[in-house]
Structure formats: structure tokens, C-alpha cells
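Summary of structural features
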Amino acid sequence: MNKIQKWLQKTVTGMAVVMIPVGGLYVVNLPYSAIRSPIAQKAPLLLLPSQIVVENNFKQAVNLVEQSDQLINNSTSFVDFD
């Protein structure tokens, strides 16, 4: 029984060591100006995950706009509009 308690204690400690920084990073990347502004001034590297998501969404939006522009301006039949 003693080995099981030690193993459980080590497992819980290990999970806490991993989850506390991950939770902090999650809170830092929330889209609230009161949280993001001080972090952006002091430690902008912590905002990298949300910046990557924004950049990927922006690239996808640009691609979709270019595709729709090409389909509308270079259409050859009514099927292209659908």
C-alpha cells in the first residue's frame, strides 16, 4: 500500500508541475486587453501561441478572398458563381 501511495503522490506532483505552467500560458493568451497588454510589454514571447493562430486564420482568409475574387472576375459560366 505504501508503494501505491508514493506512486500516486509522484504522479500528482508530476501532473501539477506540468499543468500549472500550461494553465498560466492559457490565461496569458486569453483575448482580454487587461491581461495581454502588460504581457506584450514585458514578455511578448508568451503570446506566441495566439499569434500563430491569428496568422494562420489571416492566411486562410486571404486565400479564400483571392479564390472568390478569381471565381467572380474570371467566371466563364453560371456554374462558377455557384
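Note that the coordinates shown come from a computational prediction; the quantities given were computed from them, not determined experimentally.

What about the overall build of the protein chain?
When helices and strands are tallied, the protein chain shows four helices and zero strands. The N-to-C order of helical and strand elements in the protein chain reads α-α-α-α. Relative to the compact-globule value of 12 Å for 82 residues, the protein chain shows a C-alpha radius of gyration of 24 Å, a clear excess of over 25%. Here the protein chain, with 82 residues, has 6% of them falling under the buried criterion. For the protein chain, the distance from the average position of its 6 positive side-chain charges to the average position of its 5 negative side-chain charges is 43 Å.

Digging into the confidence of the model for the protein chain
Interpretation of this model should avoid reading the predicted coordinates in detail wherever pLDDT is low. The pLDDT averaged across the protein chain works out to 89; a share of 95% of its residues lies at or above 70. Per-residue pLDDT, averaged within each element of the protein chain, yields its smallest value for helix α4 (residues 78-81) (68) and its largest for helix α1 (residues 2-28) (93).

Notes on the environment of N29
Take N29: it is sitting in the loop between α1 and α2 (33-42). The exposure class assigned to N29 is buried, which follows from its relative accessible area of 14%. N29 sits 18 residues away from L47 along the chain, and the two C-alpha atoms are 5.8 Å apart. When neighbours within four sequence positions are excluded, N29 is seen to be in contact with R36, L46, L47, P49 and S50. Among the polar contacts made by the side chain of N29, one reaches the main-chain carbonyl oxygen of L25 at a distance of 2.9 Å.

Topic: a nonpolar patch on the surface
There is a patch of nonpolar side chains on the surface, built from M15, V17, V18, M19 and V22 and spanning about 500 Å² of accessible area. Its place among the elements puts V17 in helix α1. Taking relative accessible area as the criterion, V17 reaches 57% and is therefore assigned exposed.

Comments concerning the pattern of salt bridges
Tallied over the full model, the rule gives one salt bridge. Salt-bridge contacts for E55 lead to K59; the nearest nitrogen and oxygen are separated by 3.4 Å. Here the residue E55 and the residue K59 both occupy positions in helix α3 (residues 48-73), the gap between them amounting to four residues, near one helical turn. A relative accessible area of 44% places E55 in the partly exposed class.

Definitions and limits used
Residues numbered from 1 in each chain as written. Predicted model: local features only at pLDDT ≥ 70, side-chain atom pairs only at ≥ 80, totals over all residues. Heavy atoms only, no water. Helix = DSSP H or I, 4+ residues; strand = E, 2+ residues; numbered from the N terminus. Rg over C-alpha atoms; globule rule 2.2 N^0.38 Å. Buried < 20%, exposed > 50% of the residue type's maximum accessible area, 1.4 Å probe, protein only. Lys, Arg positive; Asp, Glu negative; His and termini not counted. Charge placed at Lys NZ, Arg CZ, Asp CG, Glu CD. pLDDT = per-residue confidence, 0-100. Contact = heavy atoms within 4.5 Å. Polar contact = N/O pair within 3.5 Å; in protein donor to acceptor, adjacent residues only side chain to side chain. Patch = residues over 30% accessible without salt bridge, like charges linked within 9 Å, V, L, I, M, F, W, Y side chains within 5 Å. Areas by Shrake-Rupley, 256 points an atom, 1.4 Å probe, with all protein chains shown as cover. Salt bridge = Lys/Arg side-chain N within 4 Å of Asp/Glu carboxyl O.

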